[in-house]
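# Chain and residue survey
One letter stands for each residue in the lines below.
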Amino acid sequence: DLIVTVSDGVNTSEMTSVQIQVIEPGNLPPIIPSGQLFEIPENISNGDLVGTILATDLESDPLTWEIVSGNEAAIFHLNGNTGELTINDNSLIDHEQEMLYELMITVSDQESSSIASAIIINVTDINDVPPNIEPGQRFTIFENSPNETLVGRVEAADGDSTPGVFVNWDII
């Protein structure tokens, strides 16, 4: 209860009791902020932390996280109590095969669930594929050609999706 009076500058009312009743609006669903993006190297180890998925609940109820789609190969593990996303099976993570993963996540506060939100995991390339010299290359040069005459250009390729610069060539 509040005791209030009002004044018009000259006269003041008598004291009156006013009651305020606080009514809970009902349980609102938790919210997963959009735009959550994580980056992992393609050589990440099993058990490594990808990141923690953020979520809020206006009533501060305990939250439970769940992957609802995008993890059919069980590459990721989501701790339902903390929102921590870790690597479950790294054997399929290869930047040259899959550059990103999109997981659909929901969060529940035991009474209501959030709408599913997309979490993006970018896989960064590492230099893990050895270069390959194209087989069968042949070059011809005339006898007694001057020094520094171009004989040919040996063609090689690097299987990494990030273009490689060949830093060392050896004639064996």
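Before reading further, recall that the structure is shown in the block above.
Our subject in this report is the structure included herewith.

Conventions and cut-offs
- Residues numbered from 1 in each chain as written.
- Predicted model: local features only at pLDDT ≥ 70, side-chain atom pairs only at ≥ 80, totals over all residues.
- Heavy atoms only, no water.
- Helix = DSSP H or I, 4+ residues; strand = E, 2+ residues; numbered from the N terminus.
- Rg over C-alpha atoms; globule rule 2.2 N^0.38 Å.
- Buried < 20%, exposed > 50% of the residue type's maximum accessible area, 1.4 Å probe, protein only.
- Contact = heavy atoms within 4.5 Å.
- Areas by Shrake-Rupley, 256 points an atom, 1.4 Å probe, with all protein chains shown as cover.
- Core = buried A, V, L, I, M, F, W, Y, C linked by side-chain atoms within 4.5 Å.
- Pairing = 2+ DSSP bridges.
- Axes fitted to C-alpha atoms, helices over the stretch in contact; angles between N-to-C directions.

Along the protein, the regular secondary structure elements total zero helices and eleven strands. Taking 16 Å as the expected radius of gyration for a compact globule of 172 residues, we find that the protein reaches 32 Å, considerably beyond that expectation. Taking the principal axes of its C-alpha atoms as reference, the protein extends roughly 120 × 45 × 20 Å. With 172 residues in all, the protein has 23% of them scored as buried. For the protein, restricting intrachain contacts to residue pairs at least 6 apart in sequence, the fraction spanning at least 24 positions comes to 57%. In the form shown here, the protein has an accessible surface area of approximately 12400 Å², with 53% of it arising from carbon and sulfur atoms.

This next bit is on the nonpolar core. Of all hydrophobic cores here, the largest spans 22 residues; its most connected members are Ile40, Ile53, Phe76, Leu85, Ile105 and Ile121. Put simply, the parts of the chain that give this core at least two residues each are strand 3 (37-41), strand 5 (64-69), strand 6 (76-78), strand 7 (84-87), strand 8 (100-108) and strand 9 (117-124). The element contributing the most residues to this core is strand 8, with four residues. Here Phe76 is in contact with Ile40, Val50, Asn71, Leu85, Thr86, Ile87, Asn88, Tyr101, Leu103 and Ile121, once residues within four sequence places are set aside.

What holds strands together in a sheet is hydrogen bonding between their backbones, with the strands either parallel or antiparallel. Ordered in space as 3-9-8-5, the four strands form an open sheet in which the pairing is mixed. With one partner strand each, in any of the chains shown, strand 3 and strand 5 form the two edges of the open sheet. The mean angle between the axes of side-by-side strands here comes to 35°, regardless of whether they run parallel or antiparallel. In terms of strand pairing, strand 5 meets strand 8 through five bridges, oriented antiparallel. Across the sheet, Ile67 pairs through a bridge with Ile105, a residue of strand 8.

For Ser60, which is not glycine, the phi dihedral falls at a positive 60°. In this structure, Ser60 sits in the loop between strand 4 (49-52) and strand 5. With phi around 80°, Gln110 is a residue other than glycine that occupies positive phi space.

Bringing the pairing of strand 3 into the picture now. The side-chain alternation of strand 3 yields one buried face, formed by Phe38 and Ile40, and one unburied face, formed by Leu37, Glu39 and Pro41. One ladder, built from five bridges, connects strand 3 with strand 9; its direction is parallel. Of the residues in strand 9, the one forming a bridge with Phe38 is Ile121.

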